[in-house]
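Listed below, chain by chain, are the residues.
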Protein chains: 2
Amino acid sequence: MQYHVNGFKAGDPDLLEAAPGHRRAGEPLPETVDVLIAGSGPAGLCLAAQLARVPQIRTMLVEPKLGPMEKGQADGISVRSMEMFQAFGFAEKVMRESVWINETTFWAPGTDAPLTRVARVDDVPDGTSEMPHVLLNQARVHDMFLDVMRHSPTRLEPDYGLKVLDLAIDPTAAEYPVTVTLEHTAPDRLGQTATLRANYVIGCDGARSNVRSAIGGALHGDAAHHAWGVMDVLAVTDFPDWRKKSFVRSQDEGILMVLPREGGHLVRLYVELDRLGEDERVADRGMGAEDIIAKAKRIFHPFDLQVKDVVWWSIYEIGHRLTDKFDDVPEGQVANRSPRVMLAGDACHTHSPKAGQGMNVSMGDTFNLGWKLISVLTGRADPALLHSYSGERRAAAKGLVEFDHKWARVVGAKAQDDLADGLPRVAREFVNNLPFTCGLTIQYEHSALTGATTHQHLATGFDIGKRFHSAPVVRLADAKPMQLGHCIDADARFRLFIFAPANDTGSQGDAVATLCDWLEHDAALPLHRHTAAGEDIDAVIDTRAVFQQSFRELDYAAMPKLLRPNVGKLGLCDYEKVFCSDLKRGEDIFEMRGIDRNAGCVVIVRPDQYVGHILPLHARDDLTAYFAGLLRVRG
Amino acid sequence: MQYHVNGFKAGDPDLLEAAPGHRRAGEPLPETVDVLIAGSGPAGLCLAAQLARVPQIRTMLVEPKLGPMEKGQADGISVRSMEMFQAFGFAEKVMRESVWINETTFWAPGTDAPLTRVARVDDVPDGTSEMPHVLLNQARVHDMFLDVMRHSPTRLEPDYGLKVLDLAIDPTAAEYPVTVTLEHTAPDRLGQTATLRANYVIGCDGARSNVRSAIGGALHGDAAHHAWGVMDVLAVTDFPDWRKKSFVRSQDEGILMVLPREGGHLVRLYVELDRLGEDERVADRGMGAEDIIAKAKRIFHPFDLQVKDVVWWSIYEIGHRLTDKFDDVPEGQVANRSPRVMLAGDACHTHSPKAGQGMNVSMGDTFNLGWKLISVLTGRADPALLHSYSGERRAAAKGLVEFDHKWARVVGAKAQDDLADGLPRVAREFVNNLPFTCGLTIQYEHSALTGATTHQHLATGFDIGKRFHSAPVVRLADAKPMQLGHCIDADARFRLFIFAPANDTGSQGDAVATLCDWLEHDAALPLHRHTAAGEDIDAVIDTRAVFQQSFRELDYAAMPKLLRPNVGKLGLCDYEKVFCSDLKRGEDIFEMRGIDRNAGCVVIVRPDQYVGHILPLHARDDLTAYFAGLLRVRG
């Protein structure tokens, strides 16, 4: 991590200097805010953590509960979310505190025993990501985001005890067009309301979202009419895979899933309960934790299960639902107005918890939205950029709902005798689905944000429209072995990774230096066009280069100036822009990611870590056009 | 990390449950304490962090300064210290925040240029440790220990504004034999004194230690009569190795060292200044930061150095000094009384800062002392155990002082023309010294704590008396790839690592199960003898096993019960005691550490991570004798 750039500051480097003029939670409500976030779940907090880092943006986050969550609900953190956590700076903390899921096993009735292990598979295929798949209480993920907010320049905290009751949009107003009615939920102020005006309102307020209702949205879909129980327990058992993710299918009692949890003792169980009648609701059955335990014991038989403590439990019915649009602009008006109200997380898509996707997709929604909102609110981008949010994320959510439908059928299937290549069907489907459940199959379609695949062949391991797949490199200036992707912070900046052709040493006249000189000096081109006066040269588009040689074969002092820029108040050099292949460890990023060794290429990475475009080193017009389609001219 | 063992607790798992009855810093002084620590430098805080975790021990830490340190002084953190930080739980945090030193370069006058890079070497040889060599402001290391203390059951905080003025020991008193006079240093109470009585006083109060004076100790040694300047700067330069550790020797202006620091911009320089006359003190010269800068510029010529901000600086004279004994018991009385007052860190050894050893050796002192004090104060060990502290650590400090003498001569040598195998002499010596500067050459001599080398051949990669060299393994219960050494917490427990012979699967009748059953059931033997009634079976000696097979070849359910113990209030299973070789990644701990594949062995690791003994699996008498020599019979 980089700090002290504007002078030495004692203490925790994660605690950024406070910006003046920001309201503290609990102070009297403001008349206006730039962004009002409804709901402090993973979607709301992930967005708030991004906005909180921008001193120019006044954000308010309202949460009907009276304090932060302590336990329960989601726990699955995909490798993709871990990659995102890295950009927020808390991946290491989560890795230390969480349980890592390394192997998944499958149990079914056997010929000699009522339950036998019929398959074991890697939970994350090799080479998928530098990050593990982990599980951690959703409450702790909240805490991590809350920490980022508390440490940010705006010191943002949620306003607990407040919810969005209703809102109205005046499409003709240029400033603060959304009038929001807030309602207090604390016992001493219950039912009191207040209004404020916002430039943007983001509904992260769950499946019963008032924000969604206010813009006329509805969740469409179906329910499976099948009750499931979920519980977090501390228990003693002789089931051998208690610390592995396991699918257990009994002969006659149905199925359950074992999900080990953080701390080495806690375990989550998903337990199949009863089928429901067509018009029956799960609440009608009046079932409780004891029913889940009793059913789990029957499924686990002959293994013993002694539950010592039920930490949390819930009984739910599987449903798959999706809204038509994630913002307030009807299809027919997209050309005429920009979104002012957007939805994220359960407010616009709900599904079964068993694939462990809910929290991840919700955070993915607002990681997609955050940089767009920041770009618009800081004047870097036109508000029309916000249309891309609903387009990109609804497609992702639709993919999830469809997956969830299919997966629920596979897991719930009574017969599992379809053994292809030695694996039972559920295990085979599980393996086939891993890229999806790892969060890595989302691929944004061709658009202003996602380039055409014309030059995809220059780097076959970086799929245009998919997340940037990090790989090991060595940083030239200090010979540090690291992950290239870890130089991407959640800071709303674009990255331009220049991959050098063979034998390019960064010297004047070579392709990299030629491109860098052009980027640095030509005012008609992206860096100058989109960076405002007084901003550092890398404030909007952060250019870095990767060379094919080992670090001892290159001369840092000979690198183009753009890769050694002077930044900050003191004009100090940023030494962290130039990288080499990690040849010593045999991990060559050019080989691993299929980069054309003769041609090299430029990989444009969006602020949310998705690959925006791949271009040849000489494709200056295409490079200019890409950013011109996204960012305003400011230079 | 393991938590929730006694029931679910919401929030940060590092925040342990508070134990009742502990005084808070700033409250009226107690009449008695178990341990009084003088000084909150690295030695004092490392000790306090260990003691703070033990609810039965009442510890007080006094510090003359009025608040925590903010900057300056030491910054080098050896790989050995990083391994220790892992046991405290903050290695990941330090790795993220610090700068990693990966390469060291050497500059000298060249034939074509006034300065040319004459050598570059790896700063940490491959395979040395799983940890990097890093640099971080001493103040931040303090903060990490203070966090451990704040999160511990006793919530220990330093009492700032207090120092130990004097003390007296009554060797005839059984309880609280040390009467301590404390003096206030805050302006409003300046010079006021108070007394309290302590069972143990640990002088971590620096080179001018009052604790040392009070027990009649003195630092013996010499000074080099040579002034050096040190400064932490933010600067702009065209010197290419500004982010690498570099030794720069100019033709006529002397030498300097570049040490990149945390955050990507800060750099520490050690700059050779003037030789001093025999009776001259460095303060007599009246030199300041400008003098250091001016000299650095001359040495760096023709490279440019523009200092933008001097964050901290100091001018010092090299000295090498050592006390005769690190405790209050004269040699002749060792048989009759046990230490009550001990010294650590600069209070008993001082040396040049340039080898980056000071903070490391100081923390090493109290990591050696901490578990011994805890063992004595909790009744697990006889107070005579404390004699081993001075014996073990004075030898380590003596090695450092001797090294420092030699290294100062090498670095300071005018002529560097002694080129052996292509490396200049300073680079060659630097490489030869790396095991020492990494903190890995300390080897405690044969004693009650350190077994004879009779069975060293059973594991040639674990040197008896040296630190336990961690290696990769896979944990059986959850297939997690990890470092074996990372299951050692700073919790004053011994570890018994059982390495299984080939084909041993943990089944009944195999060697591992036979040993485990014996350890579990035979009351005459270590686990029962030294563990008190009501304590978990692993409370004093924590037994773990490593098998040669891949994790999919072993059955967790078939493991001996001692390796799957029921622990805590709820009797939950501890799933983290059984490991396998990481064959998939080709990292076989048996191969890497030279473990006898046919015989297997037992490696006893002390609470401070040093190898206490290596024994054959059947050597029950030797195993019993080792612990009988250290721990009291309690079972």
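What comes next concerns the included structure. Treat the numbers as computed from the prediction; the structure is a model and nothing was measured. (Residues numbered from 1 in each chain as written. Chains lettered and ligands numbered in written order. Predicted model: local features only at pLDDT ≥ 70, side-chain atom pairs only at ≥ 80, totals over all residues. Heavy atoms only, no water.)

1. A word on the overall build of chain A
Looking only at helices and strands, one finds 13 helices and 27 strands in chain A. The C-alpha atoms of chain A give a radius of gyration of 26 Å, which matches the 26 Å a tight globule of 635 residues would have. Taking the principal axes of its C-alpha atoms as reference, chain A extends roughly 75 × 60 × 50 Å. Within chain A, the fraction of its 635 residues that count as buried is 61%. Put simply, chain A shows about 22,600 Å² of open surface, and 49% of that area lies on carbon and sulfur atoms. Taking the average location of the 69 positive side-chain charges in chain A and that of its 86 negative ones, the two points are 2 Å from each other. (Helix = DSSP H or I, 4+ residues; strand = E, 2+ residues; numbered from the N terminus. Rg over C-alpha atoms; globule rule 2.2 N^0.38 Å. Buried < 20%, exposed > 50% of the residue type's maximum accessible area, 1.4 Å probe, protein only. Areas by Shrake-Rupley, 256 points an atom, 1.4 Å probe, with all protein chains shown as cover. Lys, Arg positive; Asp, Glu negative; His and termini not counted. Charge placed at Lys NZ, Arg CZ, Asp CG, Glu CD.)

2. Thoughts on the interface of chain B and chain A
Each side of the interface is counted separately: chain B has 64 residues, and chain A has 64 residues. Surface buried jointly by chain B and chain A totals about 5,700 Å² across both partners, of which 54% is contributed by carbon and sulfur atoms. Looking at the side of chain B facing chain A, the largest losses of area belong to F8, R96 and H265 of chain B, adding up to 13% of the total buried there. At the surface where chain B touches chain A, the tally comes to 12 salt bridges. Counting every contact that joins chain B to chain A gives 20 residue pairs in polar contact (both at pLDDT 80 or more). Listed by contribution, the elements that provide at least two residues to the side of chain B that touches chain A are α3 (91-97), β6 (116-122), α4 (138-151), β12 (220-237), β16 (305-322), β20 (480-483) and β24 (572-573) of chain B. (Contact = heavy atoms within 4.5 Å. Buried area = accessible area lost by both parts, 1.4 Å probe. Salt bridge = Lys/Arg side-chain N within 4 Å of Asp/Glu carboxyl O. Polar contact = N/O pair within 3.5 Å; in protein donor to acceptor, adjacent residues only side chain to side chain.)

3. Points about the packing of helix α8 (residues 387-412) of chain B against helix α9 (residues 425-437) of chain B
Residue and element names in this part refer to chain B. In the contact formed by α8 and α9, the axes pass within 11 Å of each other and the chain directions differ by 165°. Judged by the inter-axis angle, α8 sits roughly antiparallel to α9. By crossing handedness, the relation of α8 to α9 is classed as left-handed. Between α8 and α9, the contacting residues are G399, L400, F403, K406, W407 and V410 on the first element and R425, V426, E429, F430, N433, F436 and T437 on the second. The residue inventory of the contact of α8 with α9, partitioned by class, reads 7 nonpolar, 3 polar and 3 charged. (Axes fitted to C-alpha atoms, helices over the stretch in contact; angles between N-to-C directions. Parallel < 35°, antiparallel > 145°, perpendicular 65-115°, else oblique. Left-handed = near helix turned anticlockwise from the far one by under 90°. Nonpolar A, V, L, I, M, F, W, Y, C, P; charged D, E, K, R; others polar.)

4. Concerning the sheet that holds strand β14 (residues 255-260) of chain A
Residue and element names in this part refer to chain A. Spatial ordering of the open sheet is given by β6-β5-β13-β14-β15-β12-β16-β18, a layout of 8 strands whose pairing is mixed. Single-partner strands in this sheet number two, and they are β6 (116-122) and β18 (349-350). Sheet analysis places strand β5 (residues 103-108) next to strand β13 (residues 245-249), joined by 4 bridges and oriented parallel. By the bridge assignment for β13, F106 is matched with F247. Against the sheet, helix α8 (residues 387-412) contacts β12 (220-237), β13, β14, β16 (305-322) and β18, and its axis sits at roughly 125° relative to β16. (Pairing = 2+ DSSP bridges.)

5. Details of the pairing of strand β10 (residues 178-184) of chain A
Residue and element names in this part refer to chain A. Most of β10 is tucked away: 5 of the 7 residues are buried. Note that strand β9 (residues 162-169) and β10 share 7 bridges and pair antiparallel. Across the sheet, V164 pairs through a bridge with L182, a residue of β10. Looking at chain direction, β10 and strand β11 (residues 193-203) are connected through 6 bridges and run antiparallel. Residue E183 lies in a different strand from β11, and its bridge partner there is T193.

6. Some details on the nonpolar core
Counting residues in hydrophobic clusters, the biggest one holds 147 residues, and the most contacted among them are W242 and L269 of chain A together with L36, F85 and F145 of chain B. In this structure, L36 of chain B is in contact with M60, V62, V164, V180, L182, L196, A198, Y200, V201 and I202 of chain B, ignoring residues within four places of it in sequence. If you look at the next biggest cluster of nonpolar residues, it comprises 146 residues, including I37, A52 and Y200 of chain A together with L305 of chain B. (Core = buried A, V, L, I, M, F, W, Y, C linked by side-chain atoms within 4.5 Å.)

7. Describing helix α9 (residues 425-437) of chain A
All names here are of chain A. Its 13 residues place the ends of α9 17 Å apart at the C-alpha level, agreeing with the 18 Å of an ideal helix rising 1.5 Å per residue. Taken as a whole, α9 carries its principal kink of about 35° at V431; the proline P435 stands between one and four residues after it. The set of residues buried in α9 consists of V426, A427, E429, F430, N433, L434 and T437. Turning to α9, the residues buried within the fold contact β5, β6, β13 and α8. Where α9 terminates, the next one or two residues include G439, which has phi positive at roughly 85°. (Expected span 1.5 Å × (residues − 1). Bend = angle between axes of the 7 residues up to and from the residue.)

8. Digging into the sheet that holds strand β19 (residues 472-475) of chain A
All names here are of chain A. What the 7 strands build is an open sheet, ordered β20-β19-β25-β22-β21-β26-β27; its pairing is mixed. Edge positions in the sheet fall to β20 (480-483) and β27 (611-615), since each has one partner strand and no second. When the angles between neighbouring strand axes are averaged without regard to direction, this sheet yields 30°. Relative to β20, β19 runs antiparallel, the two sharing 4 bridges. Bridge pairing links V473 to M482 in β20. The strands touched by helix α10 (residues 511-521) are β21 (494-499), β22 (541-547) and β26 (601-605); relative to β21, the strand with the most contacts, the crossing angle is about 150°.

9. Notes on helix α13 (residues 620-628) of chain B
Residues and elements named next belong to chain B. Burial in α13 covers these residues: L623, T624, Y626 and F627. Buried residues of α13, viewed axially, fall in a sector of 160°; they line one side. Buried residues along α13 sit in contact with β21 (494-499), α10 (511-521), α11 (526-530), β22 (541-547), β26 (601-605) and β27 (611-615). (Arc of directions from axis to C-beta.)

10. Some points on the relation of the copies chain B and chain A
Between chain B and chain A, which share one sequence, the superposing operator has a rotation angle of 180° and an axial displacement of 0.0 Å; the RMSD is 0.0 Å. On this basis, the relationship between the two copies can be described by a two-fold rotation axis. For chain B, the minimum C-alpha distance to the rotation axis belongs to E92 of chain B and amounts to 3.3 Å. Most of the interface of chain B is mirrored in chain A: 100% of its interface residues are interface residues there too. (Least-squares fit on C-alpha atoms with pLDDT ≥ 70 in both.)

11. So, the environment of K406 of chain A
Residue and element names in this part refer to chain A. Checked against the element boundaries, K406 lands in helix α8. For K406, a relative accessible area of 42% puts it in the partly exposed group. With 107 residues separating them in the primary sequence, K406 and A513 have C-alpha atoms 51 Å apart.

12. Let's talk about the environment of F497 of chain B
Within the fold, F497 of chain B resides in strand β21. Overall, F497 of chain B belongs to the buried group, its relative accessible area being 0%.

13. Let's talk about the side chain of Q548 of chain A
Residue and element names in this part refer to chain A. By the secondary structure assignment, Q548 is in the loop between β22 and β23 (566-567). Taking the relative accessible area as the measure of exposure, Q548 reaches 10% and is therefore buried. Of the polar contacts made by the side chain of Q548, one reaches the backbone oxygen of A500; its length is 3.0 Å. Within polar-contact distance, the side chain of Q548 engages the backbone oxygen of R597 at 2.9 Å. Not counting residues within four places of it along the chain, the set of residues in contact with Q548 comprises A500, P501, A502, S581, L583, F590 and R597.

14. Regarding the packing of helix α1 (residues 42-52) of chain A against helix α4 (residues 138-151) of chain A
What describes two packed helices is the angle between their axes and the distance between those same axes. Residues and elements named next belong to chain A. In the contact formed by α1 and α4, the axes pass within 8 Å of each other and the chain directions differ by 15°. What the angle tells us is that α1 and α4 run roughly parallel. As for how α1 packs across α4, the hand of that crossing is left-handed. Packed against α1, whose contacting residues are P42, L45, C46, A48, A49 and A52, the element α4 presents Q138, H142, F145, L146, V148 and M149 at the interface. Split by residue class, the contact of α1 with α4 holds 10 nonpolar, 2 polar and no charged.

15. What about the side chain of T104 of chain B?
Residues and elements named next belong to chain B. As for its position among the elements, T104 is in strand β5 (residues 103-108). Of the polar contacts made by the side chain of T104, one reaches the side chain of D123; its length is 2.7 Å. Those residues in contact with T104 that lie beyond four places of it in its chain are A119, R120, V121, D123, K245, F247 and F430.

16. Examining the environment of L369 of chain B
Residue and element names in this part refer to chain B. In this fold, L369 is placed in helix α7 (residues 358-377). Residues L369 and Q50, 319 residues apart in the sequence, show an inter-C-alpha distance of 9.7 Å. Once residues within four sequence positions are removed from consideration, L369 is found in contact with L47, I202, M342, L386 and Y389.

Keep in mind these numbers describe shape, not what the thing actually does.
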